[in-house]
Amino acid sequence: MQNSLGPVAALVLAAGGGRRLGGRPKALIRYGGRPLVEHTVAVARAGGCPEVVVVLGAAAAQVRTTAHLPGCRLVANPDWASGMGSSLRAGLAALPPGVSAALVLLVDTPGVTPAAVARLLAAHRAGAELAAAAYGGRRGHPVLIGARHFAEAAAGAHGDSGARALLAAHAAETALVECADVAVPDDLDTPADLARWGAA
């Protein structure tokens, strides 16, 4: 079965407007000397996802001209302000054909590492159609969605819920992949978060 799996595409949700950061688009926050969206794409690729779809929203034109994202499929979400759900729907609709799963990454979680991505991909290769990184047993990000769940994931993605409805409906079959030893799930939402992570 493992040999018949198609590639897993990374789906980077990078549309947020950073409301609690004074309206600064999260994709362009500087982290490690480069825009956060570049960092997130690099994590996805280093973890084993050669195909990367990036969903843009706030300041999309500026992100396109500022961030260096070669080889990425860039998708504009005009409804980004309605919440993460619309970005997940836009990203799922733009996935390349033949992928066996989507690995959903949030642009504002710089503590997610290639090792965490690789663990989720390994769980998929071992048979998991739904998987999520766990931190001390608590479900977090990133999340892996198998292709047969794409339609249901899109149908349940509203407001800021993203894949929450899908994972709740299939909790018993969602593989929780412990990643606390290799990653940190904290997101960048406030100026204090930026200071703690050395972001700007």
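Residues numbered from 1 in each chain as written. Predicted model: local features only at pLDDT ≥ 70, side-chain atom pairs only at ≥ 80, totals over all residues. Heavy atoms only, no water.

**Remarks on the sheet that holds strand S7 (residues 130–135)**
Pairing is mixed across the open sheet formed by seven strands, whose spatial order is S5-S4-S1-S6-S8-S7-S9. Here the strands that pair on one side only, and so sit at the sheet edges, are strand S5 (73–76) and strand S9 (175–178). Adjacent strand axes in the sheet meet at a mean angle of 25°, parallel and antiparallel pairs treated alike. Here S7 runs beside strand S8 (residues 138–146); their pairing, made up of five bridges, is antiparallel. Residue pairing in the sheet places Leu130 in a bridge with Ile145 of S8. Across the sheet, helix H3 (residues 84–93) lies against strand S1 (8–14), strand S4 (52–56), S5 and strand S6 (101–106), angled at about 145° from S1, the strand it touches most. The sheet contacts of helix H4 (residues 114–125) involve S1, S6, S7, S8 and S9, and relative to S8 the element is tilted by about 50°. (Pairing = 2+ DSSP bridges. Helix = DSSP H or I, 4+ residues; strand = E, 2+ residues; numbered from the N terminus. Axes fitted to C-alpha atoms, helices over the stretch in contact; angles between N-to-C directions. Contact = heavy atoms within 4.5 Å.)

**Brief notes about the nonpolar core**
Formed by 45 residues in total, the largest nonpolar core has its most connected members in Ala14, Val37, Val52, Val54, Leu103 and Leu105. Of all the elements in the fold, those that place two or more residues in this core are S1, helix H1 (36–47), S4, helix H2 (60–66), S6, H4, S7 and helix H7 (191–197). Setting aside its immediate chain neighbours within four residues, Leu105 contacts Ala10, Leu11, Val12, Leu13, Thr40, Ala44, Val112, Val117 and Pro142. One finds Val53, Ala94, Leu106 and Leu166 within the second-largest nonpolar core, a separate group that totals 25 residues. (Core = buried A, V, L, I, M, F, W, Y, C linked by side-chain atoms within 4.5 Å. Buried < 20%, exposed > 50% of the residue type's maximum accessible area, 1.4 Å probe, protein only.)

**Considering the environment of Glu129**
Relative to the helices and strands, Glu129 is located in the loop between H4 and S7. Sequence separation between Glu129 and Gly146 is 17 residues, and the spatial gap between their C-alpha atoms is 4.5 Å. Beyond its immediate sequence surroundings of up to four residues, Glu129 is in contact with His124, Leu144, Ile145, Gly146, Ala147, Arg148 and His149.

**A look at the pattern of salt bridges**
Tallied over the full model, the rule gives seven salt bridges. For the salt bridge of Arg196 with Asp193, the shortest nitrogen-to-oxygen distance reads 3.0 Å. Taken together, the positions of Arg196 and Asp193, both in helix H7 and three residues apart, correspond to about one turn of that helix. On the basis of relative accessibility, which here comes to 12%, the residue Asp193 falls in the buried class. Within the structure, one salt-bridge network assembled from shared partners comprises Lys26, Asp108 and Asp189. (Salt bridge = Lys/Arg side-chain N within 4 Å of Asp/Glu carboxyl O.)

**Focus on unusual backbone geometry**
A cis amide bond, omega 5°, links His141 with the succeeding residue Pro142. Positive phi, close to 50°, is recorded for Ala59, a residue that is not glycine. Its place among the elements puts Ala59 in the loop between S4 and H2. For Ala59, a relative accessible area of 32% translates into the label partly exposed.

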